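Summary of structural features
So you can see what is in the structure, the chains are spelled out below.
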Amino acid sequence: MTAFWILLFIGGLLYLAYRRVPLGATTLAIGAALVAYTAFGRGAPWWLALLWTGFGALALLNARPFRRRYLTKPFLMVYRRLLPAMSDTEREALEAGTVWWDGELFTGHPDWSKLLSAKPPRLTAEEQAFMDGPCEELCRMVDDWDITHRRADLPPHVWDFLKKKGFFAMIIPKKYGGLEFSAYAHSCVLVKLASRSATVSSTVAVPNSLGPAELLLLYGTEEQKNHYLPRLARGEDVPCFALTGPRAGSDAASIPDTGVVCRGTWEGREVVGLRLNFSKRYITLAPIATIIGLAFRLQDPDRLLGRDKTDYGITCALIPRNTPGVVIGRRHFPLNVPFQNGPLSGKDVFVPIDAIIGGPKMAGQGWRMLVEQLSVGRCISLPSNATGGAKAATYASTAYARIRRQFAQAIGRFEGVEAALTRMAGATYIVDAARSVTTGAIDGGERPSVPAAMLKYHCTELGRKVANDAMDVQGGKGICLGPKNYLGRGYQVVPVAITVEGANILTRSLMILGQGAIRCHPYVLKEMNAAREKDKAKSLREFDAALFGHVGYTLSNAARSCVMAATLARFSRTPHDGPTRRYYQHINKFSAQFAFATDMAMLTLGGYLKQKEHLSARLGDVLSALYMASMVLKHYENQGRPEADLPLVEWSCRTLLYEAQEQLHGFLRNFPNRWVAALMRVVIFPRGRTYFAASDRLGRRIVEPLMMPSATRERLCDGIYKTVEPGNPLGLLQEALALAVSAEPLEKRLRVEGVKTGRITALDLPGQIEQGASIGLLTPVEAQQLREYDRKVMDIVNVDDFAPGELMAGVQAETGTSARRHIA
Ligand SMILES: Cc1cc2nc3c(=O)[nH]c(=O)nc-3n(C[C@H](O)[C@H](O)[C@H](O)COP(=O)(O)OP(=O)(O)OC[C@H]3O[C@@H](n4cnc5c(N)ncnc54)[C@H](O)[C@@H]3O)c2cc1C
């Protein structure tokens, strides 16, 4: 009987918490169980008294005035003392953008209908025509070796084409002459360009991302928009945006550059303006830019702006290149991917006050403008470039692994190479899913700031892994640079992507969880805002609601975490019953575990969690893994659930969810308070670590369809530049791959019936083909087919060589030609 009652109480409590039954209903249910126990349970009087006292305390929590006065109020006073001061810049960063699927993952109980009901992203007819027309044409005219080695710049006709066809105006509305593309279309353009040339895709990405056009669109005055946007759309103005300087890199809010409000002369008249002093570096497009978006700290010592303050903080303005005092034109050389990038500085540069983007009313709003922009820009530029690079590398490497033979076998059939190709294909699937689903959400009205940080970090890191594996698979072919090399520059550009728009170590350690824990958490921001509220009664009321909501949420996540871990989440609800059902269930489980662990970390470490970067990075990894796995599931749905892609979905989800588990484990192992860590471990891993990574056998099922012309191969690498034509290695590899399917049986015949029997003695394939044809082992048609195949394969496998002098970088007589030409 005792066991029955214990089970009833514990099971009942777990059920109530698991289902998130509200406090009032929970109290009634516990009361009813206690009445039954008192009547039939034969408990000792002291024990019954204890239980009823506990119940009384619980019942009192339902009396709001009582609990506010005696519980919430004292707690609020302590909370206010502990609440770290938040600077304006920190608050602005936190409030930027919207909370989307990231918020659902933070609840520990994600509502899948919110993700799955979103329409799959699609290109409009006009966007598709741009992809098939100008985008293809641009890829065809690009010679990456010429760009990266010979001229260290795009050739003039490519620059002109980019400007004329609107590549720099994808985000500018049509009424200003731009293309007004969706975020998804913008991303697809970058994917295609990145598969052809990292220099071109980086050049195109910047004006469409963080920079003057976007800032003007969101915050510019009508006059500024009408003046600049048509010029930017037509390519008459080339923009750059300068934030970073020698002293302020990652900590961009600490820029020492100043703009002092003063009177000065502008076009012959005395006006109120800004005297700017700045030193910037690493600025993309700066050497050729005609209009500079500049971030600086605004000071108004004489209060000329008419407000009661002198220090405004970060402000953004637009400065024409030819303004006296601006020093611009020199170039940096970013790792052999020579997109235009360089330093710029200014001494006592004077511009009228209207140069501030949005006019004087936007003085001091610069940081908010920049972080708001980041919520969209970071979901598009670098994730799309990483996706294009990953798709191209996977498309090339899987074909190469089939046509390149060693030990009389296609190298892709060796398990070691197969493992590398599996990782590449899986990572490509993940990044493609993440960028396409997230850009689709942007088109649906979201500005997802935490996913932007996750995408920036994980797409570029997965891109780095793909680039490494591609190099390993293709060996010397990838290493030796020259016109025939199609991997080297993509490999070299990886650290650039890792560093820009928030360097990755910082993004992982500080931004993902740092922003997510407050922004996406269902209660933390509400508690903070309530504690800062000036109206005391309102503050107490709102803090009380948030606090008790938070307590219920933490208890519920503990219960959900424990129950789902114990049952391997088998009874967790899923949106449908298909073959992906278990991944939904495991995401539900990890979501509860993550939410519980994060709450415990915040509760016990408070603001110190921000400094414990090992811990917050690990929790950020868990959140990211859940986010990316959700994107994979949605992508699979968006593509119409193709059964052939299930191995890729399985590999992606298993890899990500295993990572989530291992990072949670690492978090618990390193949590400083060992008692709390032990408690968390019981709740999170009551049966230990039960989730397994993808099996080795899965690799064969993934790689085999990719090493032949197949629908899966085309779907995975959709949207890259793979037109079969001379000069396009991706097209030529695909052509050779298609020939390999019919050539391989002929090669096998030569080997088995010719070489092994001693009838053929030649050591290489051309010789064997000739002998095979002469002894009748191959018909003349077959011999010709095999000769053709071998020629195409060797065209691909061969690398370039140079006379020694050719590789010596001489002093260029015409330094600065490019800059002069653009500015003219
Ligand atoms: C090719 C290129 C193009 C660029 N284009 C532009 C542009 O157009 N406009 C512009 O304004 N800027 C641009 N940048 C600047 C870019 O945004 C910065 O390089 C970046 O912010 C990092 O600054 P840093 O290189 O000075 O590195 P640092 O800030 O010195 O950082 C060095 C390392 O320390 C890590 N780190 C720093 N703080 C922390 C922390 N709190 N926790 C953990 N790790 C931390 C970083 O992650 C990084 O790994 C560009 C840079 C490059 C290289």
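Residues numbered from 1 in each chain as written. Predicted model: local features only at pLDDT ≥ 70, side-chain atom pairs only at ≥ 80, totals over all residues. Heavy atoms only, no water.

This part is about the pairing of strand β3 (residues 269-284). Taken residue by residue, a regular strand's side chains alternate between the two faces of the sheet. Where strand β2 (residues 258-266) meets β3, nine bridges bridge the pair, whose relative direction is antiparallel. Paired with C262 across the strands is G273, a residue of β3. In this antiparallel pair of consecutive strands, β2 and β3, the connection spans two residues, and E267 shows a positive phi of 50°. As paired strands, β3 and strand β7 (residues 341-352) are joined by nine bridges and run antiparallel to one another. Considered in β7, the bridge of F278 is made with G346. (Pairing = 2+ DSSP bridges. Helix = DSSP H or I, 4+ residues; strand = E, 2+ residues; numbered from the N terminus.)

A few words now on the packing of helix α15 (residues 366-403) against helix α16 (residues 415-443). Following both chains from N to C, one finds α15 and α16 inclined at 150°, their axes separated by 8 Å at the closest point. Our classification of the angle between α15 and α16 gives roughly antiparallel. Here the hand of the crossing between α15 and α16 comes out left-handed. Of the residues belonging to the contact of α15 with α16, the class tally is 13 nonpolar, eight polar and three charged. (Axes fitted to C-alpha atoms, helices over the stretch in contact; angles between N-to-C directions. Parallel < 35°, antiparallel > 145°, perpendicular 65-115°, else oblique. Left-handed = near helix turned anticlockwise from the far one by under 90°. Nonpolar A, V, L, I, M, F, W, Y, C, P; charged D, E, K, R; others polar.)

Contact geometry for helix α30 (residues 765-774) and helix α31 (residues 780-797): axes closest at 10 Å, N-to-C directions at 175°. Accordingly, the angle class assigned to the pair α30 and α31 is roughly antiparallel. For the pair α30 and α31, the contacting residues are L765, P766, I769, E770 and A773 in the first and A783, L786, R787 and D790 in the second. Grouping the constituent residues of the contact of α30 with α31 by class yields six nonpolar, no polar and three charged. (Contact = heavy atoms within 4.5 Å.)

Let us now look at unusual backbone geometry. Notably, R42 is not glycine yet its phi reads approximately 55°, a positive angle. Relative to the assigned elements, R42 resides in the loop between α2 (23-40) and α3 (45-60). Within the chain, A152 stands out as a residue other than glycine whose phi angle is a positive 50°. Relative to the elements of secondary structure, A152 occurs in the loop between α9 (144-151) and α10 (156-164).

A separate point is the side chain of S195. For S195, the position within the fold is in the loop between α11 (183-194) and α12 (198-205). Contact partners of S195, with chain neighbours within four places excluded, come to G388, A392, I720, Y721 and L730.

We now examine α2. Taking 1.5 Å of rise per residue, 18 residues should cover 26 Å, and α2 covers 26 Å from first to last C-alpha, within 8% of that figure. Considered for burial, the residues of α2 that qualify are T26, T27, I30, G31, L34 and Y37. Along the long axis of α2, the arc covered by the buried residues comes to 135°, so they all point the same way. Turned more than 90 degrees from where α2 packs its buried face, L28, A39 and F40 sit exposed. Taken from the residues just after α2, R42 is the one with a positive phi, measuring 55°. (Expected span 1.5 Å × (residues − 1). Buried < 20%, exposed > 50% of the residue type's maximum accessible area, 1.4 Å probe, protein only. Arc of directions from axis to C-beta.)

In this section: the state of the cysteines. Applying the stated rule across the entire model yields zero disulfides. Free of any disulfide, C240 has its nearest cysteine sulfur in C316, 12 Å distant. For C240, a relative accessible area of 1% gives the class buried. (Disulfide = S-S within 2.5 Å.)

Right, let's get into α11. At 3.6 residues per turn, the α-helix brings residues three or four places apart onto the same side. Taking 1.5 Å per residue, 12 residues should reach 16 Å; α11 reaches 16 Å between its end C-alpha atoms and fits that length. Among the 12 residues of α11, 12 are classified as buried, and the element is accordingly described as predominantly covered. Restricting attention to buried positions, one finds in α11 the residues A183, Y184, A185, H186, S187, C188, V189, L190, V191, K192, L193 and A194. Packed against the buried residues of α11 are α8 (125-141), α12, α15 and α16.

Looking now at the packing of aromatic side chains. With the rule as written, the count across this model stands at 21 aromatic pairs. Consider the rings of F9 and Y37, whose centres lie 6.0 Å apart with planes at 85°: the pair is edge-to-face. With F9 in helix α1 (residues 2-18) and Y37 in helix α2, this pair connects stretches of sequence that are 28 residues apart. Looking at F9, the relative accessible area reads 22%, which means it is partly exposed. With 5.0 Å between their ring centres and 55° between their planes, Y79 and F543 make a pair best called tilted. Taken together, the positions of Y79 in helix α4 (residues 64-82) and F543 in helix α22 (residues 536-566) put the pair 464 residues apart, joining distant regions of the chain. Judged by relative accessible area, which is 18%, Y79 ranks as buried. Look at F543 and you get buried, because its relative accessible area is 0%. Among the aromatic side chains, those forming a connected cluster through ring pairs are F4, W5, F9 and Y37. (Phe/Tyr/Trp six-rings, centres within 6.5 Å; stacked < 30°, edge-to-face > 60°.)

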